[in-house]
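Observations on the three-dimensional arrangement
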Amino acid sequence: MRFRVLRWIRSDVATGNKQYREVVVQTRRLTIGRGSDQHLQIADPKVFENHAVIRPGRGREGAMVVEALTPSGVIVNGRNRLSSSLNPGDEVRIGPAVLIVEPVPKGAPFTLRFRMAEQENGRLDRLHVLSLSDSGLSKRFWSLMLASGVAAIFLLVPMAAALYQPLRPLLRASAMVPSDGLWSPGPLHAAHAFIGSDCNACHTSPFSPIENVQCTSCHSKVEHHVPVTSNDVVLFDLKRCGACHIEHAETPSVVSRDQRLCSDCHSDLRTKSPKTELLNVADFGKDHPDFRVNVLQGRERPKGGIDWTTVRLDVLPGVKRFERSHLTFSHAQHLARKGIKGPDGDEVLQCANCHLPDESGRRMQPIQMEKNCSRCHSLRFDEKDPTTTVPHGDIDGVYTTLLSHFSRRFLEEGAGPVRTSQFVRRPGGRADVVGREEQTRARDWAEQQSLLAARDLFERRVCVDCHEVTKLPGMTGIQQWRVEPVKLTRNWMPRARFDHQAHKTTECVACHAGANGSKTSGDVLMPAIGECRTCHAGADSKNKLPSDCLMCHQFHLPGRGLFDQQATIESQASPRAGIISRMREQQP
Amino acid sequence: MHQSFFSYRRYRYAVRAGALAVLAILAYVFCPLREPKSGGTWLGYTLGTIGALLIIYLAWYGVRRRTFGSGGSATGWLSAHVYFGFVLMLVATLHCGFQFGWNVHTAAYVLLALVVLSGAWGTYAYARYPSLIVKQRGNISRAELVEEIYQLDGRALRVASVLPADVHDLLADSIRRTQVGGSIWAMLRGFDESTVLIPAGGSAPSRVVPNQGQRALIEALAGRLAAQADSNEIAKMHSLLDIVARKASLVARLQKDVQLQSLIQFWLYLHLPLCFALLVALAAHIIAVFFYW
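Within each chain, residue numbers correspond to sequence positions counted from 1 in written order. The lettering of chains begins at A and the numbering of ligands begins at 1, in the order of writing. Only residues with pLDDT of at least 70 get local features here, since the model is predicted, and only at 80 or more are side-chain atom pairs given and counted; chain-wide, interface and lining totals rely on the full set of residues.

For helices the rule is a DSSP run of H or I covering at least 4 residues; for strands it is a run of E covering at least 2, with both sets numbered from the N terminus onward. If you tally the helices and strands in chain A, you get 14 helices and 20 strands. Looking at the 588 residues of chain A, the share that counts as buried comes to 18%. Partitioning the contacts of chain A with sequence separation of at least 6, the portion at a separation of at least 24 is 46%. For every residue, the other C-beta atoms within 10 Å of its own C-beta are counted; 20 or more classify it as buried, 12 or fewer as exposed, and values in between as partly exposed. C-beta atoms are placed from the backbone. Residues are treated as contacting if the C-beta atoms built from their backbones sit within 7 Å of each other.

Pasting the structure below:
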């Protein structure tokens, strides 16, 4: 259908006739608004982009309806309407625009007369917005909006999650919803990541610092740095776990490695703990005492047996330290370049032929006769019967073995002295029925042979190859020999941790210098600190591997007692502490 | 005598703020901390307390501005506000130990940064725009400028009323669609968004075209002038063109004035709301820290 719009331009100066411009629009809906795509464009900020339409209404033919497309509506004959039917003579106002419905003969296009209201009094000036204060921008409004938005997102909603339990799962489930997760200053350490968004796993009571019990409720076996029964415990009275273990930090390490945490006390330990045997230390590179090794020392008990104690000895370059292990062993001989005699001819041995790392790779397995020595050092005692061996480490067992061996030989092979009598046997009777006299002779012979063999073992060939054997005066039989007990040091430096695995690309002798020239097993072949300092230096070193205290030492030491006993006792009322105390009861 | 807030009392507050900055940096660099630097160390708490007190002191300037005659000179307060505002940014950065994340703490930091940035803009605006405004406005006030434009419009319409109706229509439309200021963006940008409806002619449909500097109108009028034969009308058209050209230069001046005025004001529309948001975020930050200690 067609719309005819008569837009008023002016009244003619001479005649006073109103002059119009006529526009005919072919459309079903006449659109009115501020937008440039509208049929009737009204350039005014109070008018919406598409403000209203005029379209045919239902009912009788030719009925027209004006319909507002915005809630502000249109004014029809002075009344604000969202929708209204239009009759000839009706006046529609949209912002400054005035539309008057013209009466037209039947069949003629629907006609509107259109003018701008301000044209009536001749003023064409439009309202210009010339300053920000007129633009609708309000400091007060935006202050309120921003402040309340920030309060809601960062304070009120998180507080609701923190205080009102039923809301927690809802708020904490999604990262897109604000929750008390927004209060977290940084990520959790990977080991604690399983805790996830459950802040209250550790933060149990608001406005109070985390207590150690929150840590020890899981880490229940964490031990102290000093024996909990000693007076030194008071030095740690105020120490919270959080003093060294920092959670929610940007750096993903939960252990604070700053060596001043150690050197605060250890750089002058004697003033803190007067009885300490420990030497002062401040930095591995510049201020660390010489290594000290634990060396075993045996002391004979009056009633027999030996008490083993350890003494700590400095390892200094050029100073030889000796260990009394009661072993006779020459590294030089075993590692000789030209080789050493083995069961299959000469062999050239390497360190790793005997010294093998344990399963962790960090430490070496203990040396054992059966595993490491017996391939070459056999315990055969009878040249005539090379399959027989004596047991290792059991003198009584050695004698029993010898005795039974020679008794059997006497009986089975007719070995021994010439028999003085022949028995008359009943035909078909048992062949070896031995008479009493014969038995005595056999035993005497076997004992004699056993002692001969034993003397050979203990004094000449086999045992003495490796062991120190003492001949006890006034004793006879097998009791006259004593093999001095052997104890090998398992951990030379128990106060430090060393990882062979991490150093396996280096030759053994690079650190254990002199091993291939050592002639006695008493030589202590542990490296001095200088060997380590070839590559390692203090924590702030620039040109060597920076090595802080924790690289070799630990804070929580075994056997010192539980770190936070006090807290554990106090917390026994809480359900988690129940688990702890039960765990504790199981401990010896 | 006028004294700039920059150099107030021989840079008294610049020196004090600078001393605080140096102190904070020295403390940060040389403090014997055992743990990584963050807001949770004793240094962090100290710097944080200083920062929070500074924020309250700086925000108090807003209150001070509205109460006259007490507690020192307004210039002094402004001088301190500006210098300590910049140092506050440094204190806050050292306070957090350069640790940032998606949380209330960094949100407060970002808000602080925005407040300081908008303040910096304000400082720049007050240093630069006043002289520009005076220079380009000449000796007339804005109201006089607006009134003169209205008067030119009226004169143009009177001249056009005896010219053909379509010329009158074109002119009236151009006046209706002349745009000075308007939206916030238009004011800040100072862009002439005026348009004019060029009526249908021949086969071309009517269309709304940009009328920047009244150029489209002048072009259309010049086109009509070329087609004009009546010498009387030619003279009228000439004077109409003259009026439109004068209007164009006045509109451009008004436009520039509106732009400079809004630029000198706009930063405060950011500074104040952000400042209120910052105060709330600061409260949330402090509560959050101690709620989950």
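Looking only at helices and strands, chain B features nine helices and two strands. If you list the helices and strands of chain B from N to C, you get α-α-α-α-α-α-α-β-β-α-α. With C-alpha atoms as the basis for the radius of gyration, the globule rule is written as 2.2 Å multiplied by the number of residues raised to the power 0.38. Computed over C-alpha atoms, the radius of gyration of chain B comes to 29 Å, more than 25% over the 19 Å expected from 2.2 N^0.38 for 293 residues, which places it beyond the range of a compact globule. If one aligns the C-alpha atoms of chain B with their principal axes, the spans along those axes are about 95 × 50 × 30 Å. Counting over 293 residues, chain B shows a buried share of 40%. In chain B, the proportion of contacts linking residues at least 24 apart, taken out of those at least 6 apart, comes to 70%.

What follows deals with the interface of chain B and chain A. On the side of chain A, 48 residues touch chain B, which itself brings 51 residues to the contact. For the side of chain B that touches chain A, the element with the highest residue contribution is helix α9 (residues 231-291) of chain B, accounting for 20 residues. The nonpolar class holds Ala, Val, Leu, Ile, Met, Phe, Trp, Tyr, Cys and Pro. Asp, Glu, Lys and Arg form the charged class, and all remaining residues, Gly among them, are polar. Here the residues of the side of chain B that touches chain A sort into 32 nonpolar, 13 polar and six charged.

Turning to the domain arrangement of chain B, a few remarks are in order. All names here are of chain B. Residue ranges for the domains originate in an automatic or database domain assignment. The domain boundaries assigned to chain B delineate domain 1 (8-138 + 264-291) and domain 2 (142-262). One C-alpha centre belongs to domain 1, the other to domain 2; they are set 48 Å apart. Across the contact, eight residues belong to domain 1 and seven residues belong to domain 2. Taken together, the elements giving at least two residues each to the side of domain 1 that touches domain 2 come down to α4 (104-137) and α9. Sort the elements by how many residues they give to the side of domain 1 that touches domain 2 and α4 lands first, with five residues. A per-class count over the side of domain 1 that touches domain 2 returns five nonpolar, two polar and one charged.

A few words now on the sheet that holds strand β9 (residues 83-86) of chain A. Residue and element names in this part refer to chain A. Strands are treated as partners if at least two bridges between them are detected by DSSP. Strand order in the open sheet made by the five strands is β4-β3-β5-β6-β9, with mixed pairing throughout. Each having just a single partner strand, β4 (40-41) and β9 make up the two edges of the open sheet. Where strand β6 (residues 64-68) and β9 come together, four bridges link them in antiparallel fashion. Counterpart to Val 66 in the pairing with β9 is Ser 84.

Think of a nonpolar core as buried Ala, Val, Leu, Ile, Met, Phe, Trp, Tyr and Cys residues chained together by C-beta atoms that fall within 7 Å. Counting 53 residues, the largest nonpolar core has Leu278(B) and Ala281(B) as the members making the most contacts within it. Contributions of two or more residues to this core are made by α1 (139-163) of chain A together with α1 (8-30), α2 (42-66), α3 (74-96), α4 and α9 of chain B. If near-sequence neighbours (up to four positions away) are discounted, Ala281(B) is found in contact with Val150(A), Phe154(A), Val104(B), Ala107(B), Ala108(B) and Leu111(B).

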